[in-house]
Amino acid sequence: MLTPPILVLMLGLVAARATVDVRTAAAMAAGLCKTRPTDLVFIVDSSRSVRPSEFEQVKVFLAKVIEGLDVGPNATRVGVVNYASRVKNEVSLKTHRTKAGLIKAVTKVEPLSTGTMTGLAIQFALNVAFSENEGARVKSPDISKVAIIVTDGRPQDNVKDIAQRARDAGIEIFAIGVGRVDMSTLKQMASEPLDEHVDYVESYSVIEKLTKKFQEAFCVSDLCATGDHDCQQICISSPGSYKCACKDGFTLSDDGRTCSVCVCAACSNSATDVVFLIDGSKSVRPENFELVKKWINQIVDKLDVSDSKAHVGLVQYSSLVRQEFPLGRHNNKKDLKEAVKKMAYMERGTMTGQALRYLTDKSFNVGHGARPGVAKVGIVFTDGRSQDYIGEAAKKAKEMGFKMYAVGVGNAVEDELKEIASEPTGEHYFYTADFKAMTQIAKKLQINICQEEDPCECDTLVKFQKKVEEALQALTKKIETMSKRIALLENKIV
């Protein structure tokens, strides 16, 4: 084995190199997104059902999406069509070639405040807004044609046929519905797959939550920066592609994207009690609640569930708190996942503070199946603002040594998520505007079951030591060979 001074030196070099690699990966991930050349037209409903204050929120949404684009004659060109009973071409694709000019023009758009002729607006976009006279480029595989429709009502004309003609002409259509919008109409307008092209928000006040989705939809270069990757820990970007890496103490698995803890004695016998605290309030909606259950089971798939290792409990909350099943009841993945699927939707309010108190007082109590001396992990999911105070219970959970993850979707308040999450909060809280994007969170959420004071670097260290020893042995042989040659040369001279 290596002597201590050499080992310390070599470990120092490894640590320095690892620091550089992590910083490099982080810098690359922070790079600005580059968008592919696109002719983008916003088709915005300003009928009488859209109040002036709400229309202002739509304009803020448009401005934020534009802010994330590469605007220019050879990059992304943006147009804005405003409609009610009539249609008005507010901004042509040829009008503004700078981001600042576009955003200024958007702020000046005024609502028309009459009926809702959505079909007429799509017809106008197809015939006029996307025409070469208005600045659209000749149809090409290198240039995307995209329309984003924002509406809050039922159209007074037919949209199905004209939307089909627009799609047949190569226009990709995204449909955003607000409030009491007719969902079947959105589906008639949008491109396939509908899961990616139809979005719904409960009110205009939260439409900004969709900004990130649409900025990401146009990104092609820095897939790490946009989150469009499936790396579990670290993503390293390259033009139009990426590769995955792992944090210190983890190794990249054969699938090239997930990371596994080094096989050390201290980790191989580790056990964890994991409790999910799931928001079942009425704002989640039944179809989204099914997505939440699938998300829970995605995380369960990553755990080593058994009598001696990971135990999982499930608590649902709304205005009340209900334990679905305690820790230790299901100690194999099959039974555990079946129990999750059977969870019934509660609806009603959002008492996150009350749920957190249940977690600290009961879920991790020995009487509810928790094991003494075992690491405790709480995973809190919510889609809205809590109707009670969460600060005291969130603080208590962390003071009791629980590792807390906070996951928010839709109208969730990021400040509340950060208050729940353990330090460093950047690694313990996650947010997405869309329930359908929860799959990515499941991939990124890493429950480290090793104790923090034992980083499990032994496997990497052993490999490193072996390489160094092999190098030293090779060097020793070379020195011996050189010594023999020198001795022969000296004999000849004598």
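Residues numbered from 1 in each chain as written. Predicted model: local features only at pLDDT ≥ 70, side-chain atom pairs only at ≥ 80, totals over all residues. Heavy atoms only, no water.

Engineer: Describe the overall build of the protein, and please don't skip the residues or the numbers.
Structural biologist: The secondary structure content of the protein amounts to 18 helices and 16 strands. The proportion of buried residues among the 494 residues of the protein is 48%. Taking the contacts inside the protein whose residues are at least 6 apart along the sequence as the reference set, 73% of them involve residues at least 24 apart. Total accessible area computed for the protein in this model is approximately 24,300 Å², and 53% of it derives from carbon and sulfur atoms. (Helix = DSSP H or I, 4+ residues; strand = E, 2+ residues; numbered from the N terminus. Buried < 20%, exposed > 50% of the residue type's maximum accessible area, 1.4 Å probe, protein only. Contact = heavy atoms within 4.5 Å. Areas by Shrake-Rupley, 256 points an atom, 1.4 Å probe, with all protein chains shown as cover.)

Engineer: Describe the pairing of strand E4 (residues 144-151), with residues and values.
Structural biologist: Of all 8 residues making up E4, 8 are buried, and the element is well covered by its neighbours. Judged by which residues are buried, E4 turns out to be covered on both faces: Ser 144, Val 146, Ile 148 and Val 150 on one side and Lys 145, Ala 147, Ile 149 and Thr 151 on the other are all buried. Here strand E1 (residues 38-45) pairs with E4 via 7 bridges, running parallel. Among the inter-strand pairings, Val 41 is bridged to a residue of E4, identified as Ala 147. Sheet topology note: the E4/strand E5 (residues 171-178) ladder contains 7 bridges and is parallel. Bridge pairing in E5 places Val 150 opposite Ile 176. As a crossover connection, the stretch from E4 through helix H5 (residues 160-168) into E5 is right-handed. (Pairing = 2+ DSSP bridges. Right-handed = clockwise from strand over helix to strand, strands pointing away.)

Engineer: Can you break down the environment of Glu 110 residue by residue, with the values?
Structural biologist: The residue Glu 110 is located in the loop between helix H3 (99-107) and helix H4 (118-129) in this model. A C-alpha to C-alpha distance of 9.7 Å links Glu 110 and Lys 59, two positions 51 residues apart in sequence. In this structure, Glu 110 is in contact with Phe 55, Asn 82 and Glu 90, ignoring residues within four places of it in sequence.

Engineer: Quick rundown of a nonpolar patch on the surface? Include the residues and the values.
Structural biologist: Residues Leu 472, Leu 475 and Ile 479 make up a contiguous nonpolar surface patch of about 270 Å² in total accessible area. Of note, Leu 472 is situated in helix H18 (residues 458-493). (Patch = residues over 30% accessible without salt bridge, like charges linked within 9 Å, V, L, I, M, F, W, Y side chains within 5 Å. Salt bridge = Lys/Arg side-chain N within 4 Å of Asp/Glu carboxyl O.)

Engineer: Lay out helix H11 (residues 286-302) with the relevant residues and their values.
Structural biologist: For H11, with 17 residues, the first-to-last C-alpha span of 25 Å sits near the 24 Å given by 1.5 Å per residue. Among the residues making up H11, those that are buried are Asn 288, Phe 289, Val 292, Lys 293, Trp 295, Ile 296, Asn 297, Ile 299 and Val 300. For H11, the secondary structure elements touched by its buried residues are strand E11 (272-279), strand E12 (310-317), helix H12 (333-341), strand E14 (375-382), strand E15 (403-409) and helix H17 (438-444). (Expected span 1.5 Å × (residues − 1).)

Engineer: Would you mind going over the packing of aromatic side chains in detail, with residue names and values included?
Structural biologist: What the rule picks out here adds up to 7 aromatic pairs. Ring geometry for Phe 364 versus Phe 402: centroids 4.6 Å apart, planes at 55°, classification tilted. One end of the pair, Phe 364, is in the loop between helix H13 (352-363) and E14; the other, Phe 402, is in the loop between helix H14 (391-399) and E15, and 38 residues separate them in sequence. Note on Phe 364: relative accessible area 9%, which makes it buried. The exposure class assigned to Phe 402 is buried, which follows from its relative accessible area of 7%. Here the aromatic residues Phe 276, Trp 295, Phe 381 and Phe 435 are joined through ring pairs into a cluster of three or more. (Phe/Tyr/Trp six-rings, centres within 6.5 Å; stacked < 30°, edge-to-face > 60°.)

Engineer: Explain the sheet that holds strand E6 (residues 198-201) residue by residue, including any values.
Structural biologist: The 6 strands are arranged E3-E2-E1-E4-E5-E6 in an open sheet whose pairing can be described as mixed. In this open sheet, the two strands that pair with only one neighbour each are strand E3 (87-91) and E6. Across the sheet, the axes of successive neighbouring strands diverge by a mean angle of 20°, strand direction being ignored. (Axes fitted to C-alpha atoms, helices over the stretch in contact; angles between N-to-C directions.)

Engineer: Break down the state of the cysteines for me, with residues and values.
Structural biologist: Taken as a whole and assessed by the stated rule, the structure comprises 2 disulfides. Across the disulfide, Cys 231 is cross-linked to Cys 244 (sulfur-sulfur distance 2.0 Å). Judged by the torsion about the S-S bond (-80°), the Cys 231/Cys 244 disulfide is left-handed. Of this pair, Cys 231 sits in the loop between helix H9 (223-226) and strand E7 (234-238) while Cys 244 is found in strand E8 (residues 241-245), placing the two residues 13 residues apart along the sequence. Under the relative-accessibility criterion, Cys 231 is labelled buried at 2%. A sulfur-sulfur distance of 2.1 Å marks the disulfide that ties Cys 246 to Cys 259. Between Cys 246 and Cys 259, the disulfide has an S-S torsion of -90° and is therefore left-handed. Placement of Cys 246 in the loop between E8 and strand E9 (250-252) and of Cys 259 in strand E10 (residues 259-261) is noted, with a sequence separation of 13 residues between them. Relative accessible area serves as the criterion here: at 8%, Cys 259 is assigned to the buried category. (Disulfide = S-S within 2.5 Å.)

Engineer: So what's going on with the sheet that holds E15? Residues and values would help.
Structural biologist: Read across the sheet, 6 strands follow the order E13-E12-E11-E14-E15-E16 without closing on themselves; strand pairing throughout is mixed. Each edge of the open sheet carries a strand with a single partner, namely strand E13 (321-325) and strand E16 (429-432). Strand-to-strand twist of the sheet, defined as the mean angle between neighbouring strand axes without regard to direction, takes the value 15°. Judged from the 4 bridges that link them, E15 and E16 form a sheet pairing that is parallel. Bridge assignment links Ala 406 to a residue of E16, and that residue is Tyr 429. Set on the sheet, H11 makes contact with E11, E12, E14 and E15; between it and E11 the angle comes to about 170°.

Engineer: Outline the pattern of salt bridges, supporting the account with residue identities and numerical values.
Structural biologist: In the structure shown here, the tally under the stated rule is 18 salt bridges. Via salt bridges that share partners, Asp 39, Arg 137 and Lys 145 belong to a single interconnected network.

Engineer: Lay out the packing of helix H2 (residues 52-67) against H3 in plain terms, naming residues and giving numbers.
Structural biologist: Across the interface, H2 lies against H3 with an axial gap of 9 Å and an inter-helix angle of 170°. Relative to H3, H2 is oriented roughly antiparallel. Across the interface between the two elements, Lys 59, Leu 62, Ala 63, Ile 66 and Glu 67 of H2 pack against Lys 99, Leu 102, Ile 103, Val 106 and Thr 107 of H3. (Parallel < 35°, antiparallel > 145°, perpendicular 65-115°, else oblique.)

Engineer: I'd like to hear about the side chain of Lys 145, residue by residue, with values.
Structural biologist: Its location among the elements puts Lys 145 in strand E4. From its side chain, Lys 145 meets the backbone oxygen of Arg 137 in a polar contact 2.5 Å long. Other than its neighbours up to four places away in sequence, Lys 145 contacts Asp 39, Phe 130, Ala 136, Arg 137, Gly 170, Ile 171 and Glu 172. (Polar contact = N/O pair within 3.5 Å; in protein donor to acceptor, adjacent residues only side chain to side chain.)

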